[in-house]
Each structure stands twice: as structure tokens, then as C-alpha cells.
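# Fold and geometry: a report
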Amino acid sequence: MPRQVLGKLVEQLVEHLDEACVGIDKEGRVQFANPAASALLGLRPGGARGEKIWDVSSVPDFTRAFSRLVKESGVTRREQVIVLPDQRAFLAQMFAVRGPEGRLSGAVAVLRDMTSLNKIEQDMTSFVSRMSQELKKPLTSVKGYVETLLEGAYTDPAICRRFLQVINDETNRMARLLVGLLDASGAAPAPMEKKPISVAAVMRGAADRLSPFALQKNIQLDVHADDRLPPVMGDEAQLGQAITNLLDNALKFTGLVEDGPRRVTMRAEMANGRLLVKIEDTGVGIPPDEQAKVFERFYRVTHGPAAVLGGTGLGLSIATDIVRAMDGTIDVASAPGRGSTFTVNLPV
Ligand code: ADP
């Protein structure tokens, strides 16, 4: 193919690339810039030719790195991530260009949009930091209780039992968190070993565990559960975890209410041959368009009054997995500003 034709083809190719391409001579004068580069670097479309790149570009981080290729001998290739003030991120790959005798004649650069990758990286970082926070809480508490026991508290059987109970709850919480992570990573969950269990006892256990929190937040916590309700088939510790997660949320989001009633009511009842556990709160509520989404893994409401609380967005998805393993369902009815009711529906 004649050189001229080849040159034209390459020119057309560069012109239409989505990637920004720019070339300078050894004085730093712009020799070509495709439309993507003109837009990105703030060059006058078609008008920057012959001008020094550092005089006409609005992205100094890039021009500084790029022009070093023609100012400093020995540098032949550079890569740099450029983040623009509007948070768009680009990977700039820059090469020195040499003539037939190996003499420097200029440099070319290709800039690739990495904004979506950058966003994934940011999401990842914030997820890891949330997760670490979430693990730190139970770990600190376990460490504190173990140390107190070792310092002598173990000699009092009542205190010893109470502390061990907390340690047990906290390690269960960490284990659930890990199960949630494993689930999210695609590993198959372990099958549930099912036995007949009393929902009333599980509800009281969860309420006992969280009553200090209710007291501290000045929330009235009522439990209506009759021991004569028929048993359900499942794993007691896991159902306890599911109910605890729901109750924990109810208390957390009721604790945010400034004025108005602060009440959480947990009730078990039979309906159409199924056992329902209803957890009703007078909390901040959930916007209608988010009510289905809150059961999704890692989903958190990130605007409005609920947004001030941190969390992993795993609590409800873990509860849903547990209840599903017992052939049950969880749903929600909620009015923003008024409160929410989560209903666990289980076969008996
Ligand atoms: P997390 O473990 O971070 O609390 P969840 O999966 O338990 O995550 O909950 C997901 C989101 O659902 C929360 O971020 C919150 O916005 C909302 N939510 C859950 N329960 C309630 C509730 N009782 N009242 C108001 N919002 C709630």
C-alpha cells in the first residue's frame, strides 16, 4: 500500500477513535489532536496545531507528564492516571517517538477513560472500610469480655455465664457476616439442619439481647408471644439471628425519630395455618420505591433520615436467606415518617 494512502487511513482511524490521541513535536508543539483529545484537554477544535501544548491545554497534570518525554532524554514511555476536577479519570499512555537515526522527534499519547473502573475501586474501598467497621464492633466487644473474664470475673458463675452469652452472640454475628460475604461471592450456603423450635422463645431471646439498646434509646419494646403457638422447623440460632437483625433495625431506625412515639412491638400470631412474626416500629420508615430493594444484598437507603446510620446492607438479606431456608418469607409495609412493619411468615 502506498505510504500516502496508509497515512490517510491512520489519520482517519485516529480521528474517529473514542480514545483521546494527541501528538507533539520535540518542542512540545501540537502536531495532531483528535476530537476526543480536543474535548478532554480543552483544546480549540482543530485550532491548537502548532501551539505549545502547555499553553493551550487545560489539564496541567497531563501536559507536565507528557512534555517531560520531549524535554528529558532517556524517558521513552510513561503511564499516569489523570483525574479531572469533575472526577473523571483517565489512564494516559505516553510514548516518545524517534526518527530513523534514533533521534527524538516528538511524543504521542493515548488517554483512556477509566471513570467506571475508578468508581468500582471507590465502591470497593468504601465497602471494605464498612466491612472492617462492622467486624471491629463485635471483635472489640469479644476482646473486652474475654479480658474481663481472665482478670477474675470467671469466678462468679452468674457473671461468667452472662459474659459467655454475649461472646456467643457476638461470634454468631461475625459468623453471619462472613456467611453473608461468602454468599455474596457465590459460594453455596451450608444446608440448614432443622429441628422443631419455639418462636416465642427465639423472640424473647432476641428481645433480651437488644433490650439494653432499647432502654438506652428510650424506646418502649413490647413482645407478645404465646408459648402455646405451634413449633416451626428450623435452626434456633439462625432464626434468632434473623429476628435479631429485624429487631435491631426496628430499634435503630426508631432511635432516629426526634419527636413522636418511640415504640417497637414484636408479635407472633397464627393466620391461615402459618405463623407470622410481626415487628412493628414507629421509626423513620422506608420510601415506597425502596421497600423491595432493602432486601437486596448490600442495599442501604442512602438519602433521607435513614442515611445517617452506617451498616453493611447485609442484615435484611441474611434474614431473608435464613427465613427462606425455613420455607418462609419476609415482607415489609412502611410509611415514611410513620414507621415500618416487617412480617416473617413461616410454615408450622
Ligand atoms: P444494615 O445491616 O446495613 O442495616 P439491612 O439490610 O438490615 O442493612 O437494611 C437495609 C436498609 O433498609 C437500611 O439501610 C435501612 O435504610 C432500611 N431499613 C431496614 N429496616 C428498617 C426499618 N425498620 N426502618 C427503616 N428503614 C429500615
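See above for the structure.
Heads up: these notes are all about the structure in this document. (Residues numbered from 1 in each chain as written. Predicted model: local features only at pLDDT ≥ 70, side-chain atom pairs only at ≥ 80, totals over all residues. Heavy atoms only, no water.)

### Notes on the pattern of salt bridges
Using the criterion set out here, one finds 17 salt bridges in the structure. For Arg44, the salt bridge goes to Glu51, with nearest N and O atoms at 2.7 Å. For Arg44, a relative accessible area of 48% gives the class partly exposed. Note on Glu51: relative accessible area 30%, which makes it partly exposed. Between Glu269 and Lys278 there is a salt bridge whose closest N-O contact spans 3.6 Å. A network of salt bridges, in which partner residues are shared, links Asp25, Glu27 and Arg29. (Salt bridge = Lys/Arg side-chain N within 4 Å of Asp/Glu carboxyl O. Buried < 20%, exposed > 50% of the residue type's maximum accessible area, 1.4 Å probe, protein only.)

### A word on the sheet that holds strand S12 (residues 339-347)
Strand order in the open sheet formed by five strands is S7-S9-S10-S12-S11, and the pairing between neighbours is mixed. The open sheet has two edge strands, strand S7 (220-224) and strand S11 (329-335), and neither has a second partner. Across the sheet, the mean angle separating the axes of adjacent strands is 15° when strand polarity is ignored. Pairing between S11 and S12: seven bridges, direction antiparallel. By the bridge assignment for S12, Val332 is matched with Phe342. The strands touched by helix H7 (residues 199-216) are S7, strand S9 (263-271) and strand S10 (274-281); relative to S7, the strand with the most contacts, the crossing angle is about 170°. (Pairing = 2+ DSSP bridges. Helix = DSSP H or I, 4+ residues; strand = E, 2+ residues; numbered from the N terminus. Axes fitted to C-alpha atoms, helices over the stretch in contact; angles between N-to-C directions. Contact = heavy atoms within 4.5 Å.)

### Topic: the nonpolar core
Generally speaking, a soluble globular protein has its nonpolar side chains buried in company with each other. Counting 46 residues, the largest nonpolar core has Leu239, Leu247 and Val277 as the members making the most contacts within it. Taken together, the elements giving at least two residues each to this core come down to helix H5 (115-150), H7, helix H8 (236-254), S9, S10, helix H9 (315-325), S11 and S12. Lining this core are residues from two domains, each supplying at least three of them: domain 2 (117-185) and domain 3 (195-347). Not counting residues within four places of it along the chain, the set of residues in contact with Leu247 comprises Ala206, Ala207, Leu210, Leu221, Val264, Met266 and Ile279. In this structure, Val56, Leu69, Met94 and Ala109 belong to the second largest nonpolar core, which totals 28 residues. (Core = buried A, V, L, I, M, F, W, Y, C linked by side-chain atoms within 4.5 Å. Domains from an automatic or database assignment.)

### Here's the deal with empty space enclosed by the protein
Within this structure, the stated rule accounts for one cavity of 30 Å³ or more. Within this model, the largest cavity holds a volume of roughly 30 Å³. Ser198, Val199, Ala200, Asp226, Asp227, Leu229 and Pro230 together form the lining of the largest cavity. Across the lining of the largest cavity, the residue classes tally to four nonpolar, one polar and two charged. (1 Å grid on protein atoms, 1.4 Å probe; cavity = no way out; pocket = protein on both sides within 12 Å on 5 of 7 lines; lining within 4 Å. Points joined across faces, edges and corners; volume = space filled by probe spheres on them. Nonpolar A, V, L, I, M, F, W, Y, C, P; charged D, E, K, R; others polar.)

### Let's talk about the pairing of strand S5 (residues 104-113)
The pairing of strand S1 (residues 20-25) with S5 spans six bridges and is antiparallel. Considered in S5, the bridge of Val22 is made with Ala109. Two strands pair when backbone bridges link them, and strand S4 (residues 89-98) and S5 are joined in this way by nine bridges, in the antiparallel orientation. Within the sheet, the bridge partner assigned to Val97 lies in S5 and is Gly106.

### Some points on the site of the ligand
Residues in contact with the ligand amount to 20 residues; listed here are only the nearest, Asn249, Asp281, Thr312, Gly313 and Leu316. The side chain of Asp281 places a nitrogen or oxygen atom 2.9 Å from a nitrogen atom of the ligand. Contact between the ligand and Leu316: an oxygen atom at 2.8 Å from a main-chain N or O atom of the residue. Here the ligand, which alone exposes 540 Å², has 95% of that area covered by the protein. At the level of secondary structure, the elements contributing two or more residues to the shell around the ligand comprise H8, H9 and S12. (Near = heavy atom within 4 Å. Polar contact = N/O pair within 3.5 Å; in protein donor to acceptor, adjacent residues only side chain to side chain. Areas by Shrake-Rupley, 256 points an atom, 1.4 Å probe, with all protein chains shown as cover.)

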